[in-house]
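Below are the chains, spelled out letter by letter.
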Amino acid sequence: MMARVPVSVASSKLIYGALKDCGVRIISALPETWLVHLIRMAEDDPEMTLVRLAKEEEGVGISAGAHFAGVKSAMLMQNHGFLAAINGIVSFAHLYRIPLLMLISARGTFGERDPWQTQGGNVTEPVLRALGIPFERLDSPAAVDRRIRQARTLSDSSLQPVALLLERDLMWEE
Amino acid sequence: MLRIDCLREIYADLEGCLVVTIMGAVAAELQSLGHRPNHFYLQHAMGLASSTGLGLALALPKHKVVVLDGDGSILMNLGSFSTMARYRPANLVHIVFDNESLLSVGGFPTATSAGTDLAEIARAAGIPRTRTVRTCAEFADESHAALRGNELTTLVAKVEAAGPPTFLTDLQLLENRFQFQRHIASLAKR
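Residues numbered from 1 in each chain as written. Chains lettered and ligands numbered in written order. Predicted model: local features only at pLDDT ≥ 70, side-chain atom pairs only at ≥ 80, totals over all residues.

1. Some details on the overall build of chain B
Then comes step 1: If you tally the helices and strands in chain B, you get 8 helices and 8 strands.
Then comes step 2: On C-alpha atoms alone, chain B measures out to a radius of gyration of 15 Å, which is about the 16 Å that the 2.2 N^0.38 rule sets for 190 residues.
Then comes step 3: Out of the 190 residues belonging to chain B, those deemed buried represent 47%.
Then comes step 4: Counting contacts in chain B only where the partners sit at least 6 residues apart, residues at least 24 apart contribute 74% of the total. (Helix = DSSP H or I, 4+ residues; strand = E, 2+ residues; numbered from the N terminus. Rg over C-alpha atoms; globule rule 2.2 N^0.38 Å. Buried ≥ 20, exposed ≤ 12 C-beta atoms within 10 Å, placed from the backbone. Contact = placed C-beta atoms within 7 Å.)

2. Observations regarding helix H8 (residues 173-189) of chain B
Then comes step 1: Under the 1.5 Å per step criterion, the end-to-end length of H8(B) is 25 Å for 17 residues, consistent within 8% with the ideal 24 Å.
Then comes step 2: By the burial criterion, the buried members of H8(B) are Asn176(B), Arg177(B), Phe180(B) and Ile184(B). Here the buried residues of H8(B) occupy an arc of 100° about the axis, which is enough to place them on one side. Across from the buried face of H8(B), at angles greater than 90 degrees, the exposed residues are Leu174(B), Glu175(B), Arg182(B), Ala185(B), Ser186(B) and Lys189(B).
Then comes step 3: Its buried side turned inward, H8(B) meets helix H3 (58-68) of chain A together with strand S1 (18-21) and strand S2 (39-41) of chain B. (Expected span 1.5 Å × (residues − 1). Arc of directions from axis to C-beta.)

3. Describing the sheet that holds strand S1 (residues 24-29) of chain A
Strand pairs in the sheet, formed through backbone hydrogen bonds, run parallel or antiparallel to each other.
Residues and elements named next belong to chain A.
Then comes step 1: Ordered by their spatial adjacency, 6 strands build an open sheet running S2-S1-S3-S4-S6-S5, and the pairing between neighbours is parallel. For this open sheet the edge positions go to strand S2 (49-52) and strand S5 (135-138), each flanked by a neighbour on one side alone. Each neighbouring strand pair of the sheet contributes to a mean axis angle of 20°, computed without reference to strand direction.
Then comes step 2: Pairing of S5 with strand S6 (residues 161-166) involves 4 bridges; the strand directions are parallel. Opposite Leu 138, over in S6, you have Leu 166 as the bridge partner. (Pairing = 2+ DSSP bridges. Axes fitted to C-alpha atoms, helices over the stretch in contact; angles between N-to-C directions.)

4. Observations concerning unusual backbone geometry
Then comes step 1: Positive phi values are uncommon outside glycine, yet Leu159(A) reaches one of about 50°.
Then comes step 2: Structurally, the position occupied by Leu159(A) is in the loop between helix H7 (141-158) and S6.
Then comes step 3: Positive phi outside glycine occurs at Arg88(B), with the angle close to 25°.
Then comes step 4: Within the secondary structure, Arg88(B) is located in the loop between helix H5 (79-87) and strand S4 (92-98).
Then comes step 5: Look at Arg88(B) and you get partly exposed, because 15 C-beta atoms sit within 10 Å.

5. Overview of the nonpolar core
Then comes step 1: Counting residues in each nonpolar core, the largest one holds 107 residues, and the members touching the most others are Met102(A), Ile104(A), Leu166(A), Leu42(B) and Ala157(B).
Then comes step 2: In terms of residue count, the dominant contributor to this core is helix H3 (residues 49-59) of chain B (6 residues).
Then comes step 3: Contact partners of Leu42(B), with chain neighbours within four places excluded, come to Phe92(A), Val20(B), Thr21(B), Ile22(B), Met23(B), Leu48(B), Ala49(B) and Thr52(B). (Core = buried A, V, L, I, M, F, W, Y, C linked by C-beta atoms within 7 Å.)

6. Topic: the sheet that holds S4(B)
All names here are of chain B.
Then comes step 1: One open sheet holds the 6 strands; their spatial order is S2-S1-S3-S4-S8-S7, and the pairing between them is parallel. Of all strands in the sheet, those bounded by a partner on one side alone are S2 and strand S7 (129-133). The sheet shows a mean angle of 15° between the axes of neighbouring strands, direction not considered.
Then comes step 2: Where S4 and strand S8 (residues 153-158) come together, 6 bridges link them in parallel fashion. Each bridged residue has a counterpart across the sheet, and for Phe 97 the counterpart in S8 is Ala 157.

7. Thoughts on the environment of Val96(B)
Then comes step 1: Residue placement: Val96(B) occurs in strand S4.
Then comes step 2: A sequence separation of 48 residues divides Val96(B) from Leu48(B), and the C-alpha atoms of the two residues are 13 Å apart.

8. A closer look at the interface of chain A and chain B
Then comes step 1: Each partner contributes residues to the interface: chain A has 27 residues there, and chain B has 28 residues.
Then comes step 2: When residues of the side of chain A that touches chain B are traced back to their parent elements, those giving at least two are S2, H3 and helix H5 (86-94) of chain A.
Then comes step 3: By residue number, the principal contributor to the side of chain A that touches chain B is H3(A), which donates 9 residues.
Then comes step 4: Here the residues of the side of chain A that touches chain B sort into 14 nonpolar, 8 polar and 5 charged. (Nonpolar A, V, L, I, M, F, W, Y, C, P; charged D, E, K, R; others polar.)

Okay, here's the thing in structure tokens:
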């Protein structure tokens, strides 16, 4: 059963609403604690197709297929999942100019208690920069709607992956 | 059995489908029979052809989607079997040409040369219809049944490790990608 964890329902609702408002109809995801409400919202929404993955790199293919079909999609993953998806991002999304809207929970930053999450936190931003992926941090509820809309717009106009880092102050209520 | 003979067998049927291929020999051989705008050749990102087919099949449930995969590619993304099986789109046909070899890099043997059975992996992952075929006649029967049927199928075709002399064609990657997308958009307008 889902453990009672202090993940922000209010912020999750804001994020989910923003994704819906900018036309996202397919979401690929791999569960991680900060994403549990978002994944449940996608699952409960008859207008949304949720694709639960075995590994995050599959999501690049799902989003590419959806894009070819004219359907907007988003990817929900932890930063370790982003690291697991890099070859797909480079040798599919970059090579073939595929827009990806990646929402990445930024684990392993200040406040992280789980020792196993801490290395990913150190390298996520440098790797995003090395890959030339435009990204912004999302740490305030007030900015959620606009930032997600802006990310979607840039991804569609530039035909490239963009990332939003879901930060602890937005996702974790403790 | 040669892969090119299998491709000849289904070439006419592919015209009405959305086709995603892997890189290398599969892409080059299908193009040698004649490129069409409904073909997308994923010339890298090994393993993701099946994921792309799944994304297409879920987004376009009224269109038949055919993935032309290979043993080397699907072995890099075995989880894709479980994801396809979980959503089991009835409009998706997954054909795996298993030559037991990473042919394009010099013919190094893959795990299927040592006994790994891809159709059994697919079946155990939950793919509702799985077959392994070893002759052109079997491939013809099973591929036509899958293409005309209405059930997620993984068809493993055991083929010789032989391919064209070059994998380069004059079709640019981005040209192919935008043509494919426009072709799908034109289907929606019909």
